[in-house]
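Tertiary structure, described
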Amino acid sequence: MNSSPLTISMHELDNVAIVANDGGLAAGVVLASGLQLRDRVPQGHKVALVDLAADAAVLRYGIPIGYALKDIAAGSWVHERLLRMPEARGLDNLPIATIKPAPMPALQGYTFEGYRNADGSVGTRNILAITTTVQCVAGVVDFALQRIKAELLPQFPQVDDVVGLEHSYGCGVAIDAPGAEIPIRTLRNISLNPNFGGEVMVVSLGCEKLQPERLLPPGSFAIADERGPAALDVVCLQDDAHVGFMSMVDKIVANARPHLERLNARRRETMPASELVVGVQCGGSDAFSGVTANPAVGFCTDLLVRAGASVMFSETTEVRDGIAQLTARASNPEVADAMIREMAWYDAYLQRGKVDRSANTTPGNKLGGLSNIVEKAMGSIVKSGSAAISHVLAPGEKLKVKGLSYAATPASDFICGTLQLAAGMNLHVFTTGRGTPYGLAECPVIKVATRSDLARRWHDLMDINAGKIADGSATIEAVGWELFHLMLEVASGRKKTWAEHWKLHNALVLFNPAPVT
Ligand code: CA
């Protein structure tokens, strides 16, 4: 691609830039500015643009991502071992709703083909989900799923898939302890995800702590259609009626049939883009995440908000160091307070485990050029675009409003995706720099590569190449629009993501901050 040296700065105040060239740049190379490199600088890593005295702030995104531990000459490779991390930002005296983003013009006329549900939500897929109350039943459910897929699914061509909502929760846990409400409401709300058409079917063991009525109490899943208040459809494996394993399997298969019949009768209808509920997150980040893919996602987030859609960004530990930006962008003081409450809860959660902030960045992040969590946070927050943040969700809660929301979740890819599913996500956008084959059975996942090198090597895993931005062959805006149009195609079922094509499905991982017994 680029043979001439290429570096990228994010802000006019920055005193470091990122080397964009594949393979990095050798010592002695002269940049367009005339600056000569003193060290070899790997791709995605930082080069000092000016002489930095010991203790000087190293600026990226216009803010200090660290302080020089010793004098660093212009042209040097600025790596994590040369930086002292900034102190953690406290939660006092934060700017509250001080930024009033200029109102963005409404974006009208964009539609997709989706499934309207009785509760008013819209699905992008037509999937039968079988809820489980406890891990004990997972093997039996998997066995029954194979039979349902082989024997029933071919009779119901309008149904995209049947999935088991399997998890490690349900028993052997302190189910009344503080924090236990999080995994329980997560599982409840996932069962009600718009991609499942309001069909709730449960498989339980019988003796577990998480009884079906506790998971889905009467009224929690009332389906407002002609069937009236639905009785919970439960197959209980310990039921005396079952004699032998096949009796259990037969019962699960038989109970699946009426759900499949109702799902199969549904047809896609034209929906405004405002019915999209998009969760964005990143995983396997590198220094390009915050330069190419995340800014393009941020531009697309603004397009979605302008179209009246719902967008969630998450990953508390990755945005915590940018808290002052976020509270400033809150649409009102209540939203800022909710954000501070979620951050304070997470700070206390981490302190309980004696975890410090350096625990977030992975060896892969550092190899990719991200020095610390402050630099990672700035690159992560840009996914949220520029709109006001109008709502905050605690982990596992269901989203009920349009616009840009902060859904508090851990940064763990699987836990974040699981909690965004519980919030009602019907489309997932995932950026990656190092590369991950991540996918979910419950919802399409569009993966955005931060570098062209990754997009070339993983050509049948990455859906969008944002590396074109670093190559200089596309703008952030162009890739943002490309993503927006792809989202409408994927939401309509006209296009499958690569993760769907290969059926790459990561496990649901519940966030359980309560003790295990
Ligand atoms: Ca993540």
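Computed from a predicted model, the values in this text were never measured in an experiment. (Residues numbered from 1 in each chain as written. Predicted model: local features only at pLDDT ≥ 70, side-chain atom pairs only at ≥ 80, totals over all residues. Heavy atoms only, no water.)

**Regarding the coordination of the calcium ion**
Coordination of the calcium ion by the protein comes from Gln 281 (OE1), Cys 282 (O), Glu 315 (OE), Ala 411 (O) and Asp 413 (OD), over a distance range of 2.3 to 2.6 Å. Read from N- to C-terminus, the donor residues coordinating the calcium ion fall into the pattern Q-C-x32-E-x95-A-x1-D. Taken together, the residues Cys 282 in strand β15 (residues 277-282) and Asp 413 in helix α11 (residues 413-423) connect sequence positions 131 residues apart. Judged by relative accessible area, Asp 413 falls into the buried class, the value being 15%. (Donors = N, O, S within 2.8 Å, 3.2 Å for Na, K, Ca; no water. Helix = DSSP H or I, 4+ residues; strand = E, 2+ residues; numbered from the N terminus. Buried < 20%, exposed > 50% of the residue type's maximum accessible area, 1.4 Å probe, protein only.)

**Overview of the side chain of Gln 43**
Counting through the fold element by element, Gln 43 comes out in the loop between β2 (16-19) and β3 (46-48). Separated by 3.0 Å, the side chains of Gln 43 and Asp 22 make a polar contact. For Gln 43, the side chain forms a polar contact with the side chain of Arg 451, separated by 3.5 Å. (Polar contact = N/O pair within 3.5 Å; in protein donor to acceptor, adjacent residues only side chain to side chain.)

**What to know about the packing of helix α2 (residues 181-191) against α11**
Relative orientation of the contacting elements α2 and α11 amounts to 60 degrees, with a least axis distance of 7 Å. It follows that α2 is oblique to α11 by the angle criterion. Judged by the sense of rotation from one axis to the other, the crossing of α2 with α11 is left-handed. On α11, the residues that touch Thr 186, Asn 189 and Ile 190 of α2 are Thr 418, Leu 419, Leu 421 and Ala 422. Here the residues of the contact of α2 with α11 are counted per class, giving four nonpolar, three polar and no charged. (Axes fitted to C-alpha atoms, helices over the stretch in contact; angles between N-to-C directions. Parallel < 35°, antiparallel > 145°, perpendicular 65-115°, else oblique. Left-handed = near helix turned anticlockwise from the far one by under 90°. Contact = heavy atoms within 4.5 Å. Nonpolar A, V, L, I, M, F, W, Y, C, P; charged D, E, K, R; others polar.)

**Concerning the sheet that holds strand β20 (residues 445-449)**
The strands making up a sheet are joined through hydrogen bonds of the backbone, oriented either antiparallel or parallel. Strand order across the open sheet formed by seven strands is β17-β18-β16-β15-β19-β20-β21, with parallel pairing between neighbours. Each edge of the open sheet carries a strand with a single partner, namely β17 (391-393) and β21 (464-465). Packed onto the sheet, helix α8 (residues 333-352) meets β17 and β18 (403-407) and runs at close to 25 degrees relative to β17. (Pairing = 2+ DSSP bridges.)

**Section: unusual backbone geometry**
Unlike most non-glycine residues, Asp 55 shows phi in positive territory, near 75 degrees. If you check the backbone angles, Lys 354 has positive phi at about 55 degrees while not being a glycine. Looking at the secondary structure, you find Lys 354 in the loop between α8 and α9 (363-367). Owing to a relative accessible area of 76%, Lys 354 belongs among the exposed residues under this scheme.

**Observations concerning the sheet that holds strand β13 (residues 233-236)**
If you trace the four strands from one edge of the open sheet to the other, you get β11-β10-β12-β13, paired in parallel fashion. Unpaired on one side and paired on the other, β11 (161-165) and β13 mark the two borders of the sheet. In this sheet, neighbouring strand axes are inclined to one another by 25 degrees on average, regardless of whether the strands run parallel or antiparallel. Looking at chain direction, strand β12 (residues 201-204) and β13 are connected through four bridges and run parallel. Paired with Val 202 across the two strands is Val 234, which belongs to β13.

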